[in-house]
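Chain residues, written in single-letter form:
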Amino acid sequence: MKIYLVGGAIRDELLGIKSLEKDWVVIGSSAKEMLESGFISVGKSFPVFLHPKTKEEYALARKEIKVELGHKGFKFDVNKDIGLEEDLLRRDLTINAIAKSNEGEWIDPYGGIQDIENRILRHISKAFSEDPLRVFRVARFYCYLSKFNFEIHEDTLILMKELCNSEDLDNLSFERIWMETEKCLSLKNSYLYFQTLHDVGASTVFSCDTNKFKKNLLELKKTEVSNLDAQDKWAILTMNLELTDKVKIPNSFKKSALNFSNIVKTLRNENSPELLLEAIMKIDGFRNKKSALKTFNLYSLLVAESDALRKLNLNSLLEKLSKIKPNKNFDKDSNLIKKDIYEKRLSIIKKHFNE
């Protein structure tokens, strides 16, 4: 049995990045031997084990054979005779196909170290085209390594475009796409991920309206210096954008995006006390003041400096509006109560607009 450190930990070490995870490949062993050594089996599709103490992942060396469409359409060969170079060959990019022995020896059969030095993201073999998820992974690595000025090799871009034109991309689960996407939304320069997907034709998994997607992408690019969180970035990217049925995202992302789109639809072309009150009501801002303020602050990034909303103290305004109570004389007449509260709130907003 021989064990090698592989993948992202090696790449990050060569770039001077602190890597949070370590992955290991095991040569010349079996599942039975790993279990007998105390490792814990966690792999579903192929043998992956957790070290009993460090909890780091150890995978048996394997070869992959494409048997059907989609990211999961592979058959795995994990026999003891599979060597390190065969295991590294199945990986996506050369920079992720470098190994390091326990003695500190680098094993780099596909030129990954040279590509790191040249700042190139390059596929290892034509087998790259067998896994449609790699389109999104390459886009993520391009975003992740943007501060090092990496570029995607032109031949790799060609393969990515070919994958996007194939039916294989349609068979990729959105759950896997979202895993890559959510990681990028937490990175700086997130727009580079979506820009790459747009350029190779993969943005259609999010929306068929590629023109609107590109416009929103430009808006996202403008706000990257503002250190927005993942939900805010997603809200900008998808504002008033019709998403495909394939898009399944966490409710927190869905709600923040909907609130933002509602404010943009209501206020983008004109601001007035009436429209501001309408916008607050649409996002339930009286009961969810914190969320409303976050949404309005995001909107303020997209409007001109002269916009009236930028001059308002929305925190103070929402506090006053949420404390409004109806006239007691209206008893339980819901229509009169709603009208009275609306008029009182509108009066307060008008006063703020004139201050």
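Residues numbered from 1 in each chain as written. Predicted model: local features only at pLDDT ≥ 70, side-chain atom pairs only at ≥ 80, totals over all residues. Heavy atoms only, no water.

Trainee: Help me understand the pairing of strand 2 (residues 23-27) in this model?
Mentor: Looking down a regular strand, the side chains alternate between one sheet face and the other. Buried residues dominate strand 2, accounting for four of its five residues. Both strand 1 (residues 2-6) and strand 2 contribute to a ladder of five bridges, which runs antiparallel. Residue pairing for strand 2: Val6 is matched across the bridge by Asp23. As paired strands, strand 2 and strand 5 (residues 57-60) are joined by four bridges and run parallel to one another. If you follow Asp23 over to strand 5, its bridge partner there is Glu57. (Buried < 20%, exposed > 50% of the residue type's maximum accessible area, 1.4 Å probe, protein only. Helix = DSSP H or I, 4+ residues; strand = E, 2+ residues; numbered from the N terminus. Pairing = 2+ DSSP bridges.)

Trainee: It is not clear to me how the pattern of salt bridges should be interpreted in this structure. Could you clarify?
Mentor: Oppositely charged side chains are able to pair whenever their charged atoms sit close together. Enumeration over the complete set of coordinates arrives at 14 salt bridges. Residues Asp87 and Arg90 are paired through a salt bridge, measuring 3.3 Å at the closest nitrogen-oxygen approach. Judged on exposure class, the residue Asp87 and its partner Arg90 are both buried. With a shortest N-O distance of 3.2 Å, Lys344 and Asp340 are connected by a salt bridge. Here Lys344 pairs with Asp340, and both are found in helix 15 (residues 334-354), just four residues apart, close to one helical turn. (Salt bridge = Lys/Arg side-chain N within 4 Å of Asp/Glu carboxyl O.)

Trainee: Would you mind going over empty space enclosed by the protein with me for this structure?
Mentor: Any space left empty among the atoms is revealed by the rolling of a water-sized probe across them. Throughout the structure, instances matching the rule amount to one cavity of 30 Å³ or more. What the largest cavity holds in volume is close to 30 Å³. Lining the largest cavity, in full, are Val26, Gly28, Ser29, Leu60, Ala61, Val78, Asn79, Lys80 and Ile82. (1 Å grid on protein atoms, 1.4 Å probe; cavity = no way out; pocket = protein on both sides within 12 Å on 5 of 7 lines; lining within 4 Å. Points joined across faces, edges and corners; volume = space filled by probe spheres on them.)

Trainee: Explain the side chain of Lys100 here, please?
Mentor: Within the secondary structure layout, Lys100 lies in strand 8 (residues 99-101). Beyond its immediate sequence surroundings of up to four residues, Lys100 is in contact with Tyr4, Leu5, Ile10, Glu13, Glu105, Trp106 and Ile107. (Contact = heavy atoms within 4.5 Å.)

Trainee: In this structure, what is going on with the nonpolar core? I would like to understand it.
Mentor: Nonpolar side chains in soluble globular proteins tend to end up buried together. Ranked by internal contacts, the top residues of the largest apolar core, which has 93 residues, are Phe136, Phe194 and Trp234. Considering each element in turn, this core owes the most residues, eight residues, to helix 5 (residues 133-144). Listed in part, the 12 residues of the second largest apolar core include Tyr4, Leu88, Ala99 and Ile124. (Core = buried A, V, L, I, M, F, W, Y, C linked by side-chain atoms within 4.5 Å.)

Trainee: How do you make sense of the sheet that holds strand 3 (residues 40-41) when you look at a structure like this?
Mentor: Adjacent strands of a sheet pair through backbone hydrogen bonds, lying either parallel or antiparallel. Spatially, the seven strands line up as an open sheet ordered 3-4-5-2-1-8-9, and their pairing is mixed. The open sheet has two free edges, formed respectively by strand 3 and strand 9 (106-107), since each of these has just one partner strand. When strand 8 meets strand 9, the two strands line up antiparallel, connected through two bridges. Residue pairing for strand 9: Lys100 is matched across the bridge by Trp106. Running over the sheet, helix 1 (residues 8-15) touches strand 1, strand 8 and strand 9 and is turned about 55 degrees from strand 1. (Axes fitted to C-alpha atoms, helices over the stretch in contact; angles between N-to-C directions.)

Without other data, these values stay purely geometric and don't point to any function.
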